[in-house]
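Survey of secondary and tertiary structure
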Amino acid sequence: MIDISTLNTGLYIGGEWHDARETFTTLNPATGQPLAELAAADASDVDAAVSAATTAFRGDWGALAPSRKGALLNKLADLVERDVEQLAALESLDMGRPVGMSAAMMIPNLIATLRYYAGWADKINGELIANDGYLGGPVPTHAYTRREPLGVVAAIVPWNAPLMILGWKLAPALACGNTVIIKPAEDASLSILRLAELVTEAGFPPGTVNVLPGVGKVAGEALALHPGIKKISFTGSTATGRAILQNSAVNFKRTALELGGKAPQIIFDDANLEAAIQGTAMGLFFNQGEVCAAGTRVIVHRKAYDAVIDGLKGAAQAQVIGDPFDPSTTMGPLVNERQRDRVLEYMKTGAGEGADVITGGSAPEGPGFFVEPTVLAGSNDMTVAREEIFGPVGVVIPFDTDEEAIALANDNQYGLSATVWTSDVTRAHTISAKIEAGAIGVNGWSPLAPQLPWGGVKASGVGRELGYEGILSYTEPKTVTVVL
């Protein structure tokens, strides 16, 4: 087990560690026992972080050549790669994910994202714009755009994939020349606090990156209301996203909100069922189901329905629930007691509304915040098919026609992602075009890469992260017109 006694657990502001007026305790979700005492930032700490970030933006970081910014991002990636096992252990200790999953998938995604945007740092260009001349007359002009950094931006990060999702915000923001204030989730701050130590080791100018652990209602709200912050990038619940959007409107702050999801996985009768069942199970049970893009509405052609039910039942019963640091574990605990109880309540509601419990449906005996992987058979109008559960619970829903499958997929308030399982390439493209979601995976659940834009529609949020969209979202176009 990793020793966290030497980890800085204060506020990282201006390249230095500071105490806070208040602290809070985080728990080990596998045992329910206290894990660490962390600083709790307040509005005055947000003021201090904004001041430090503004100084860096107008000073050392802002003056740094773009290629040097890219070199520092690559240096940070090197350090993360060096410490991948330590960072993975911290994250698993904090939020319960099996440590092998952290080391093999989540931290490498952070490394890849840092390297991708390091390459963009000296390639952010404006455009020369042809036009009709000054005021449309005969006097010519030389007109062009510059893409300039926004200034100080805030990244509010969720607990389900702290470092990976932070990378989606931090890397493009820094590549574009912004400075960043990070607000980790209360339940999963440790890996981000360690990353702050690596930021110092990499040699970033003080104030370029700041980290404020704390309670969302206090620190998060102060960030959204602060006039010195030009953009908020938030990943989390739809309810909190609405509050951030309202608070940000006071100062006309830019927002990028990746919110909840209730992703459909549509399995057609021509799909490779073995691959579809395996991939669909991954979409249900990966990361304990604590994924915004979790494919928890399994919409299955009636001809394949029984086979999919049996296959998902077997996949659920094959999960090994236990200690995240046991190599045999495939599913760890949920992040906290509140989340476990919330998921159990949804299971109870589903059964009460007539869903058939194919497997699972309860919590195992013993300490920690564990729940059983659960497969329900039901309909799209049930609560378990309408609301985001954020746990390893899926509902299987039959359909008969392509049109019915599309209607079922779109009949939900969310629109983050979806998966289509079919061997018909025409159907794959046709169905993908008609699903109301920001990202579609065909014959593979939730493919993520730094090069691919990510974000949702409807109640799943606004804006995009990753890809070139990430560059656009962290820069402001400025038009310059020279009358010749």
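Residues numbered from 1 in each chain as written. Predicted model: local features only at pLDDT ≥ 70, side-chain atom pairs only at ≥ 80, totals over all residues. Heavy atoms only, no water.

By the naming in an unreviewed UniProt entry, the protein goes by Aldehyde dehydrogenase family protein and is assigned to Gordonia hankookensis. A UniProt comment under Sequence similarities (unreviewed entry) is attached to the protein, and it reads "Belongs to the aldehyde dehydrogenase family." (UniProt positions renumbered as here; feature names shortened; annotations may be inferred.)

Together, Tyr 134, Leu 135, Val 139 and Val 483 line one region of the surface with nonpolar side chains, adding up to about 400 Å² of accessible area. Here Val 139 lies in the loop between β5 (128-129) and β6 (141-149). (Patch = residues over 30% accessible without salt bridge, like charges linked within 9 Å, V, L, I, M, F, W, Y side chains within 5 Å. Areas by Shrake-Rupley, 256 points an atom, 1.4 Å probe, with all protein chains shown as cover. Salt bridge = Lys/Arg side-chain N within 4 Å of Asp/Glu carboxyl O. Helix = DSSP H or I, 4+ residues; strand = E, 2+ residues; numbered from the N terminus.)

Another aspect to go through is helix α10 (residues 273-285). Along its 13 residues, α10 runs 18 Å from first to last C-alpha, staying within 8% of the 18 Å computed at 1.5 Å per residue. Lining the buried residues of α10 we find β12 (264-267), β13 (297-301), α11 (305-317), β15 (374-377), β16 (393-399) and β18 (417-421). You can read the cap of α10 off the contacts: a side-chain oxygen lies 3.2 Å from the backbone nitrogen of Glu 274, and it is on Asn 272. Directly after α10, the chain includes Asn 287, whose backbone phi takes a positive value near 60°. (Expected span 1.5 Å × (residues − 1). Contact = heavy atoms within 4.5 Å. Polar contact = N/O pair within 3.5 Å; in protein donor to acceptor, adjacent residues only side chain to side chain.)

As a further point, take the packing of helix α6 (residues 162-175) against helix α7 (residues 190-202). The contact between α6 and α7 brings their axes to 9 Å, and the two run at 50°. With respect to their mutual orientation, α6 and α7 come out oblique. Where α6 crosses over α7, the two elements pack in a sense that is right-handed. Only Ser 191, Ile 192 and Leu 195 of α7 make contact with α6, whose side of the interface consists of Pro 162, Leu 163, Leu 166 and Leu 170. In terms of residue class, the contact of α6 with α7 is built from 6 nonpolar, 1 polar and no charged. (Axes fitted to C-alpha atoms, helices over the stretch in contact; angles between N-to-C directions. Parallel < 35°, antiparallel > 145°, perpendicular 65-115°, else oblique. Left-handed = near helix turned anticlockwise from the far one by under 90°. Nonpolar A, V, L, I, M, F, W, Y, C, P; charged D, E, K, R; others polar.)

This next bit is on the sheet that holds strand β19 (residues 439-442). Across the sheet, 7 strands lie side by side as β14-β15-β16-β13-β12-β18-β19; this open sheet has mixed pairing. Only two strands of the sheet have a single partner each, and these edge strands are β14 (356-359) and β19. For this sheet, the mean inter-axis angle between neighbouring strands, taken without regard to orientation, is 25°. Note that β15 and β16 share 4 bridges and pair parallel. Across the sheet, residue Val 375 finds its bridge partner in β16, namely Gly 394. α10 rests against β12, β13, β15, β16 and β18 of the sheet, and its axis sits at about 170° to β12. This element, helix α15 (residues 425-434), spans β12, β18 and β19 of the sheet and lies at about 160° to β19. (Pairing = 2+ DSSP bridges.)

A separate point is the UniProt feature "domain: Aldehyde dehydrogenase" (unreviewed entry) in the protein. According to UniProt, the "domain: Aldehyde dehydrogenase" (unreviewed entry) feature falls on residues 19-480. Helix makes up 42% of residues 19-480 and strand makes up 20%, while its end C-alpha atoms are separated by 45 Å.

Our focus in this paragraph is helix α8 (residues 216-225). Burial in α8 covers these residues: Ala 219, Gly 220, Ala 222, Leu 223 and Ala 224. If you follow the buried residues of α8, they end up packed against α1 (43-58), β7 (152-156), β8 (179-183), β10 (231-235) and α9 (238-249). (Buried < 20%, exposed > 50% of the residue type's maximum accessible area, 1.4 Å probe, protein only.)

Attention shifts here to the nonpolar core. Within the largest apolar cluster, 78 residues are counted, with the highest numbers of intra-cluster contacts made by Val 80, Ile 182, Leu 195 and Phe 204. Per-element accounting of this core gives the leading share, 10 residues, to α6. Residues in contact with Phe 204, not counting those within four places in the same chain, are Trp 61, Leu 72, Leu 73, Leu 76, Leu 174 and Val 199. Listed in part, the 27 residues of the second largest apolar core include Val 371, Met 382, Ala 405 and Ala 437. (Core = buried A, V, L, I, M, F, W, Y, C linked by side-chain atoms within 4.5 Å.)

Turning our eyes to something else, we now look at the pairing of β7. In terms of burial, β7 is largely enclosed, as 5 of its 5 residues are buried. Neither face of β7 is left uncovered, since the one carrying Val 152, Ala 154 and Ile 156 and the one carrying Val 153 and Ala 155 both have all their residues buried. Pairing analysis gives 5 bridges linking β7 to β8, with the strands arranged parallel. Its bridge partner lying in β8, Ala 155 is registered against Ile 182. Handedness of the β7-α6-β8 crossover: right-handed. (Right-handed = clockwise from strand over helix to strand, strands pointing away.)

Another aspect to go through is the pattern of salt bridges. Per the stated rule, a full pass over the model turns up 23 salt bridges. As a salt-bridge pair, Glu 221 and Lys 217 come within 3.0 Å of each other at their nearest N and O atoms. You can see Glu 221 and its partner Lys 217 sitting in helix α8, 4 residues apart, about one turn around the helix. Of the residues examined, Glu 221 reaches a relative accessible area of 29% and is grouped as partly exposed. Each member of the salt-bridge network shares a partner with another, and the members are Arg 82, Asp 83, Arg 194, Glu 197 and Glu 201.

For the structure shown, the criterion picks out 8 aromatic pairs. With centroids separated by 5.5 Å and ring planes inclined at 75°, the aromatic side chains of Phe 268 and Phe 399 adopt a geometry described as edge-to-face. Placement of Phe 268 in the loop between β12 and α10 and of Phe 399 in strand β16 is noted, with a sequence separation of 131 residues between them. Exposure remark for Phe 399: the relative accessible area of 0% places this residue in the buried category. Sitting over the ring of Trp 61, Lys 69 keeps its end group 5.2 Å from the ring centre. Taking the ring centre of Tyr 474 as reference, the NZ or CZ of Lys 231 above it sits at 3.6 Å. (Phe/Tyr/Trp six-rings, centres within 6.5 Å; stacked < 30°, edge-to-face > 60°. Lys NZ or Arg CZ within 6 Å of the ring centre and 35° of its normal.)

Next up on the list: the side chain of Lys 262. Following the sequence through the fold, Lys 262 ends up in the loop between β11 (254-258) and β12. Although buried, Lys 262 forms no salt bridge, and the nearest oppositely charged side chain, Glu 388, lies 8.0 Å from it. Only 3.4 Å separates the side chain of Lys 262 from the side chain of Thr 296, close enough to count as a polar contact. Polar contacts involving the side chain of Lys 262 include one to the main-chain carbonyl oxygen of Glu 387, which spans 2.8 Å. Excluding residues that lie within four positions of it along the chain, Lys 262 makes contacts with Thr 296, Arg 297, Val 384, Ala 385, Arg 386, Glu 387, Glu 388, Ile 389, Asn 412 and Tyr 414. (Lys, Arg positive; Asp, Glu negative; His and termini not counted.)

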